[in-house]
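Fold and geometry: a report
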Amino acid sequence: MRALLVSKWTKVAVFLLCLIPFGDLVWRILNSELGANPVEFVQHATGDWTLRFLVFTLCITPFRKLFKLPDLIRFRRMLGLFAFFYVGLHFLTYLGPDQSFDLSGMWKDVAKRPFMTVGFTAFVLLIPLAITSTTGWIRRLGGKRWQALHRSIYFAAVFGVIHYYWLVKSDVRKPLFYGALVGILLLWRLLDWFAKRRSAAPARMAAPHVSVNG
Ligand code: HEM
């Protein structure tokens, strides 16, 4: 399994897999297969894929630990950047075909409709994560600060779920399903954090106490 995860070809294969939803959209656009409301179709597909990629990204850490597959880390940045790629398309579909690039109209809409406000907030939260996803930025910020910043992906995922929940008119099963997934992943992370703190506490107690008075 390890050989498969560290192979550069696996990375290429995962990259190509991540492009399939985009390829499908391009194919449908070229063949006029977007249904009666093409803008809505693209908006929904890109919104769905953003949420899926956020969940895939959040799954990496628990899966690494639960299945003892540390090399899964090799895919986290790629999956996170694909979440950003799809939300970028989602946003551009809204700004372009939907709002005709009218920025003031967009601001009014974002301020007026709560589901737009939270969706936009989620998007804004993801921008610094995409920018600082490089190794150079990890070095510049330092591991601890970088990790703290990148924890905001959980907020982006929660806001993404609320955005989805608020926009659906009747059948809330899909947003609730994503909400449950994000909730489980967040809970796992919190429990893991508490467990780490607990195991670190005795080590701290055992360390020699250094007093300022000598
Ligand atoms: C992380 C950020 C975001 C996520 C996860 C997300 C996710 C989604 C999802 C899942 C849908 C519904 C798809 C479906 O019905 O199958 C959707 C719809 C939509 N989103 Fe987002 N979105 C995000 C950000 C944004 C942003 C930044 C905007 C625009 C400023 C936006 C505007 C819309 C619009 C206009 C719709 C369609 C609403 C309707 O059909 O009435 N979203 N989004």
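Residues numbered from 1 in each chain as written. Predicted model: local features only at pLDDT ≥ 70, side-chain atom pairs only at ≥ 80, totals over all residues. Heavy atoms only, no water.

**With respect to the overall build of the chain**
Each helix and strand in the chain was counted, giving 10 helices and zero strands. Mapped in sequence order, the helices and strands of the chain form the string α-α-α-α-α-α-α-α-α-α. On the principal axes, the C-alpha backbone points of the chain span a range of 75 × 45 × 35 Å. Counting every position in the chain, which comprises 214 residues, the buried fraction comes to 35%. Of all intrachain contacts in the chain linking residues separated by at least 6 positions in sequence, the fraction that spans at least 24 positions is 65%. Roughly 13800 Å² of accessible area belongs to the chain as shown, and the carbon and sulfur atoms make up 69% of that amount. Between the centroid of the 27 positive side chains of the chain and the centroid of its 10 negative side chains there is a distance of 18 Å. (Helix = DSSP H or I, 4+ residues; strand = E, 2+ residues; numbered from the N terminus. Buried < 20%, exposed > 50% of the residue type's maximum accessible area, 1.4 Å probe, protein only. Contact = heavy atoms within 4.5 Å. Areas by Shrake-Rupley, 256 points an atom, 1.4 Å probe, with all protein chains shown as cover. Lys, Arg positive; Asp, Glu negative; His and termini not counted. Charge placed at Lys NZ, Arg CZ, Asp CG, Glu CD.)

**Observations regarding the packing of aromatic side chains**
Under the counting rule described, the total for this entry stands at 18 aromatic pairs. An aromatic cluster is present here, built from F15, F22, W49, F53, F56, F82, F85 and Y86 joined pairwise through their rings. Note that R52 overlies the ring of W49, its terminal NZ or CZ placed 4.4 Å from the centroid. Looking at R140, its charged tip hangs above the ring of W137, at a distance of 4.6 Å from the centre. (Phe/Tyr/Trp six-rings, centres within 6.5 Å; stacked < 30°, edge-to-face > 60°. Lys NZ or Arg CZ within 6 Å of the ring centre and 35° of its normal.)

**Examining the coordination of the iron atom of the ligand**
Note on metal sites: the ideal angle is 109.5 degrees for four tetrahedral donors, and 90 or 180 degrees for six octahedral donors. Surrounding the iron atom of the ligand are the protein donor atoms H90 (NE2) and H163 (NE2), which sit 2.0 to 2.1 Å from the metal. Metal-centred angles of 86 to 179° between the six donor atoms at the iron atom of the ligand mark the site as octahedral. With a gap of 73 residues between them, H90 in helix 4 (residues 76-98) and H163 in helix 9 (residues 152-167) connect regions that are remote in the sequence. You can call H90 buried: its relative accessible area is 19%. (Donors = N, O, S within 2.8 Å, 3.2 Å for Na, K, Ca; no water. Tetrahedral: all angles 85-135°; square planar, octahedral: opposite > 155°, others 65-115°.)

**Quick word on the site of the ligand**
Taken together, 21 residues lie around the ligand, and H44, D48, H90, H163 and L167 are the ones closest in. Side-chain polar atom of H90 to a nitrogen atom of the ligand: 2.7 Å apart, as the coordinates give it. Within the side chain of H163, a nitrogen or oxygen atom sits 2.9 Å from a nitrogen atom of the ligand. Those elements giving two or more residues to the shell around the ligand turn out to be helix 3 (38-66), helix 4, helix 6 (114-131) and helix 9. (Near = heavy atom within 4 Å. Polar contact = N/O pair within 3.5 Å; in protein donor to acceptor, adjacent residues only side chain to side chain.)

As far as function goes, none of this settles anything; it's purely spatial.
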